Amino acid sequence: MAILILGGAGYIGSHATVALIEKGYDVAVVDNLVTGHKDALDPKARFYQGDIRDINFMHQVFNKEKQIEGIMHFAAFSLVEESIKQPLKYFNNNVYGTQIILEVMQEFDVKHIVFSSTAATYGISEKLPITEEMPANPINPYGQSKLIVEQMMKWQAQTRYVSYVSLRYFNVAGAKTDGSIGEAHKCETHLIPIVLEVALGQREEVTIYGDDYRTFDGSNIRDYIHVEDLIDAHIKALEYLKKGGKSDIFNLGSANGYSNSEILKAARKVTGHIIPAKVGARRFGDPDSLVASSKKAKEVLGWEVQFTSIKDIIASAWKWHKEHPGGYQD
């Protein structure tokens, strides 16, 4: 019985692939390599290059794999600013792509899916920490696309063709602690890797977007979760479904908020570099603060955060970036 990883050559998907194989699972990966990296793939995983929106391709994958016991779905576009400029791109890939997956799952009687969702489904929350009971009101097409998928899965689950867990991530960061795989985007937009690129001399400075948010120092506050903690939650969610757990939504975060300025200060300490920075204009669609309550995931899935220090999270990313300054091109 295999686990099928959609988007398994990407940052989070590649960590999921390695972790599952280390735990003895049989793993197959689908990725179109638009944002993923073939070099990030574990050689023990079977790889199919193609797009989840191509139903004929997905039929071929399911026919070859025959016995799929669960799916982890990471295949999505995930840039907030790009989603605002190109909303149809996000709805086509994220929503329509998942519709195809759900249709093929029904055809082949594959029951379980763990879905990569996002804190962007909440939009601007008036209360912190954010719990799963709070209203979902996305303020950008990326968050909206993920919420629509959650709603699709909810209705499909009522037909009993599928059971799902949707994991609403907050800010994922860090790298596998042995430095073998990490975060490598062609056009980096995430704060921690950008800061580390400055430390490596690959950028002149980091821009902190906005200093007038409703936070203690004026910069955005985000909840950072280490990628290995995140994947541990995915595996626990899959095992929960296999044991008959009901379809549900869970937040994944550390329950600790760090401002952009605090991340910069921590990175300076970890790397020993000055890391020049400037303040830029706000980016549209950025909430002031996003901090998770992960109490539900702890109680239901038995999940516990292991990386509780932002310096430890940054240090694991720093190890990867130092050893792979050109990403997977090295």
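Just so it is clear, the model here is predicted, and its values are computed rather than measured.

Engineer: I tried to follow the nonpolar core on my own but got confused; where do I start?
Structural biologist: Side chains of a nonpolar character, in soluble globular proteins, are inclined to be buried together. Met-72 and Leu-252 are the most contacted members of the largest nonpolar core, which has 38 residues in total. Listing elements by their share of this core, those giving two or more residues are strand S1 (2-6), helix H1 (11-22), strand S2 (26-31), strand S6 (163-169), helix H7 (227-242), strand S10 (248-252) and helix H9 (295-301). Residue contributions to this core peak at nine residues, all from H7. Setting aside its immediate chain neighbours within four residues, Met-72 contacts Leu-4, Ile-5, Leu-6, Ala-16, Leu-20, Val-114, His-234, Ile-235 and Leu-238. Among the nonpolar cores identified, the runner-up in size contains 28 residues, and Ile-68, Met-153, Val-162 and Tyr-164 belong to it.

Engineer: Please explain empty space enclosed by the protein as it appears in this structure.
Structural biologist: It is the rolling of a water-molecule-sized probe over the atoms that shows where space remains empty. According to the stated counting rule, one finds one cavity of 30 Å³ or more in the structure shown. Computed from the structure, the largest cavity encloses a volume of approximately 30 Å³. Tyr-224, Ser-254, Asn-256, Tyr-258, Phe-307, Thr-308, Ser-309, Ile-310 and Ile-313 together form the lining of the largest cavity. Taken together, the residues of the lining of the largest cavity sort by class into five nonpolar, four polar and no charged.

Engineer: Please clarify how the packing of helix H8 (residues 260-271) against helix H10 (residues 310-323) should be interpreted in this entry.
Structural biologist: Axes are the key here: two packed helices are described by the angle between their axes and the distance separating the axes. With their axes 9 Å apart at the nearest point, H8 and H10 run at an angle of 60° to one another. Here H8 is positioned oblique relative to H10, judged by the angle of their axes. Seen from above, H8 lies across H10 with right-handed handedness. Contacts between H8 and H10 pair Ile-263, Ala-266, Ala-267, Lys-269, Val-270 and Thr-271 from the former with Ile-310, Lys-311, Ile-314, Ala-315 and Trp-318 from the latter.

Engineer: What should I look at first to understand the pairing of strand S9 (residues 221-226) in this one?
Structural biologist: The side chains of a regular strand alternate between the sheet's two faces. Of all the six residues making up S9, six are buried; the element is thus mostly covered by neighbouring parts of the structure. Alternating positions in S9 separate into two faces, Ile-221, Asp-223 and Ile-225 on one and Arg-222, Tyr-224 and His-226 on the other, with burial throughout. Bridge analysis of strand S7 (residues 171-173) against S9 gives three bridges, and the strand direction is parallel. Counterpart to Ala-173 in the pairing with S9 is His-226. For S9 and strand S11 (residues 257-259), the ladder comprises three bridges, and the chain directions are antiparallel. Looking at the pairing, Ile-221 lines up with Ser-259 of S11. Across two bridges, the pairing between S9 and strand S13 (residues 289-290) is parallel. Pairing of Arg-222 across the sheet is with Leu-290, part of S13.

Engineer: Which parts of the structure should I look at to understand the side chain of His-321?
Structural biologist: By the secondary structure assignment, His-321 is in helix H10. Non-local contacts of His-321, meaning those with residues more than four positions away in its chain, are made with Glu-183, Pro-193, Leu-196 and Leu-200.

Engineer: Where do I start with the sheet that holds strand S3 (residues 46-49) in this structure?
Structural biologist: Hydrogen bonds along the backbone pair up the strands of a sheet, which may run parallel or antiparallel. One open sheet holds the seven strands; their spatial order is S3-S2-S1-S4-S5-S6-S10, and the pairing between them is parallel. Because the sheet does not close on itself, it has two edges, and the strands there are S3 and S10. Going from strand to strand, the sheet's axes swing by 20° on average, the running direction of each strand aside. Pairing of S1 with strand S4 (residues 68-73), which is carried by five bridges, proceeds in the parallel orientation.

Engineer: Got a minute to help me understand the packing of H1 against H7 in this structure?
Structural biologist: For the pair H1 and H7, the least separation of the axes is 9 Å and the interaxial angle reads 60°. Judged by the sense of rotation from one axis to the other, the crossing of H1 with H7 is right-handed. Residues Tyr-11, Ile-12, His-15, Ala-16, Ala-19 and Leu-20 of H1 touch H7, and the partners they reach there are Val-227, Leu-230, Ile-231 and Ile-235. For the contact of H1 with H7, the class distribution of residues is nine nonpolar, one polar and no charged.

Parameters at a glance
Residues numbered from 1 in each chain as written. Predicted model: local features only at pLDDT ≥ 70, side-chain atom pairs only at ≥ 80, totals over all residues. Heavy atoms only, no water. Core = buried A, V, L, I, M, F, W, Y, C linked by side-chain atoms within 4.5 Å. Buried < 20%, exposed > 50% of the residue type's maximum accessible area, 1.4 Å probe, protein only. Helix = DSSP H or I, 4+ residues; strand = E, 2+ residues; numbered from the N terminus. Contact = heavy atoms within 4.5 Å. 1 Å grid on protein atoms, 1.4 Å probe; cavity = no way out; pocket = protein on both sides within 12 Å on 5 of 7 lines; lining within 4 Å. Points joined across faces, edges and corners; volume = space filled by probe spheres on them. Nonpolar A, V, L, I, M, F, W, Y, C, P; charged D, E, K, R; others polar. Axes fitted to C-alpha atoms, helices over the stretch in contact; angles between N-to-C directions. Parallel < 35°, antiparallel > 145°, perpendicular 65-115°, else oblique. Left-handed = near helix turned anticlockwise from the far one by under 90°. Pairing = 2+ DSSP bridges.

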